[in-house]
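Structural description and commentary
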Amino acid sequence: MMVGLTGVPGSGKTTVADILEERGIRVIRINDTITPYILGEDPDRDTKIINEELWADEFQIIDGVVEGHLAHLLPCDRIIILRCNPDIIIDRLIRRGYSSEKAKENALAEALDTVLIESLESFDPEVIYEFETTDIDSTVVADYVQDVLMDRGTPSYGHCDWSDYLLSYMP
């Protein structure tokens with residue numbers, strides 16, 4: 001079973017993937033697979049431009065976890081979306097060296113449910129698992145991912161509401 005572990009940057013994917021690897025679970029990092037598909041850079045958004053469609057078409061199916069903010073673009077059997085309070089996302093990303101503008105862009109994507117919406121456009125709701133990570137120890141999140149891998153999880157989404165964050169964008 002291929003499980004996509006996705007979410008905006010700063011939601012906890014890499015930390016959880018590290019724990020899963022320590023437990024012996026196969027993890028593929030999307031960032032390790034995209035280099036041949038990079039078309040260029042977008043300096044205005046401080047991001048790489050990737051031929052996502054070709055990358056997804058050529059991606060080798062695995063038995064394990066595919067970790068990265070584009071995992072929901074792959075033909076996964078299950079999608080786990082890690083969610084986190086947008087204010088925490090900003091703090092985490094700034095500490096990683098992201099510009100304030102880029103951190104806020106990712107926080108806004110989280111508040112607008114971007115990854116969830118994209119996942120629902122491509123997958124049956126019965127294979128989508130949303131997990132709110134803001135105040136949860138990463139080992140607990142890794143336990144949840146393992147439950148989904150072992151087909152013991154219950155699909156669930158739509159319980160993260162960051163609309164209060166969006167009010168800061170209102171005039």
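Whatever comes next refers back to the structure up there.
All of these numbers come straight from a predicted model, not from anything done at the bench. (Residues numbered from 1 in each chain as written. Predicted model: local features only at pLDDT ≥ 70, side-chain atom pairs only at ≥ 80, totals over all residues. Heavy atoms only, no water.)

What to know about the overall build of the protein chain
- Scanning the protein chain from terminus to terminus reveals seven helices and seven strands.
- Listed by position from the N terminus, the elements making up the protein chain come as β-α-β-β-β-α-β-β-α-α-α-β-α-α.
- In terms of overall size, the protein chain behaves like a compact globule, its C-alpha atoms giving a radius of gyration of 16 Å where 171 residues would be expected to give roughly 16 Å.
- Seen through its C-alpha atoms, the protein chain measures out along the principal axes to roughly 45 × 35 × 30 Å.
- Burial status across the protein chain gives 45% buried among its 171 residues.
- Sequence separation of 24 or more characterises 75% of the internal contacts of the protein chain that already satisfy a separation of 6 or more. (Helix = DSSP H or I, 4+ residues; strand = E, 2+ residues; numbered from the N terminus. Rg over C-alpha atoms; globule rule 2.2 N^0.38 Å. Buried < 20%, exposed > 50% of the residue type's maximum accessible area, 1.4 Å probe, protein only. Contact = heavy atoms within 4.5 Å.)

Describing the environment of valine 27
- Along the polypeptide, valine 27 turns up in strand S2 (residues 27–29).
- C-alpha separation for the pair valine 27 and alanine 107, spaced 80 residues apart in sequence, amounts to 26 Å.
- Ignoring any residue separated from it by four or fewer positions in sequence, one finds valine 27 in contact with Ala17, Leu20, Glu21, Val65 and Glu67.

Side note on the packing of helix H1 (residues 13–22) against helix H6 (residues 138–149)
- At a minimum axis separation of 9 Å, H1 and H6 run at an interaxial angle of 65°. As far as their axial angle goes, H6 and H1 are roughly perpendicular. Our pair here, H1 against H6, has a crossing hand that is right-handed. The residues of H6 that touch H1, namely those facing Thr15, Val16, Ile19 and Leu20, are Ser138, Thr139, Val141, Ala142, Val145 and Gln146.
- Tallied by class, residues from the contact of H1 with H6 come to six nonpolar, four polar and no charged. (Axes fitted to C-alpha atoms, helices over the stretch in contact; angles between N-to-C directions. Parallel < 35°, antiparallel > 145°, perpendicular 65-115°, else oblique. Left-handed = near helix turned anticlockwise from the far one by under 90°. Nonpolar A, V, L, I, M, F, W, Y, C, P; charged D, E, K, R; others polar.)

Structural notes on the pairing of strand S3 (residues 38–42)
- Alignment of S3 against strand S4 (residues 47–50), held across four bridges, turns out to be antiparallel. Counterpart to glutamate 41 in the pairing with S4 is lysine 48.
- In this antiparallel pair of consecutive strands, S3 and S4, the connection spans four residues, and aspartate 46 shows a positive phi of 55°. (Pairing = 2+ DSSP bridges.)

Observations regarding a negative patch on the surface
- A cluster of acidic residues, Glu41, Asp44, Asp46 and Glu101, forms a negative patch on the protein surface.
- Of the residues examined, glutamate 101 reaches a relative accessible area of 61% and is grouped as exposed. (Patch = residues over 30% accessible without salt bridge, like charges linked within 9 Å, V, L, I, M, F, W, Y side chains within 5 Å. Areas by Shrake-Rupley, 256 points an atom, 1.4 Å probe, with all protein chains shown as cover. Salt bridge = Lys/Arg side-chain N within 4 Å of Asp/Glu carboxyl O. Lys, Arg positive; Asp, Glu negative; His and termini not counted. Charge placed at Lys NZ, Arg CZ, Asp CG, Glu CD.)

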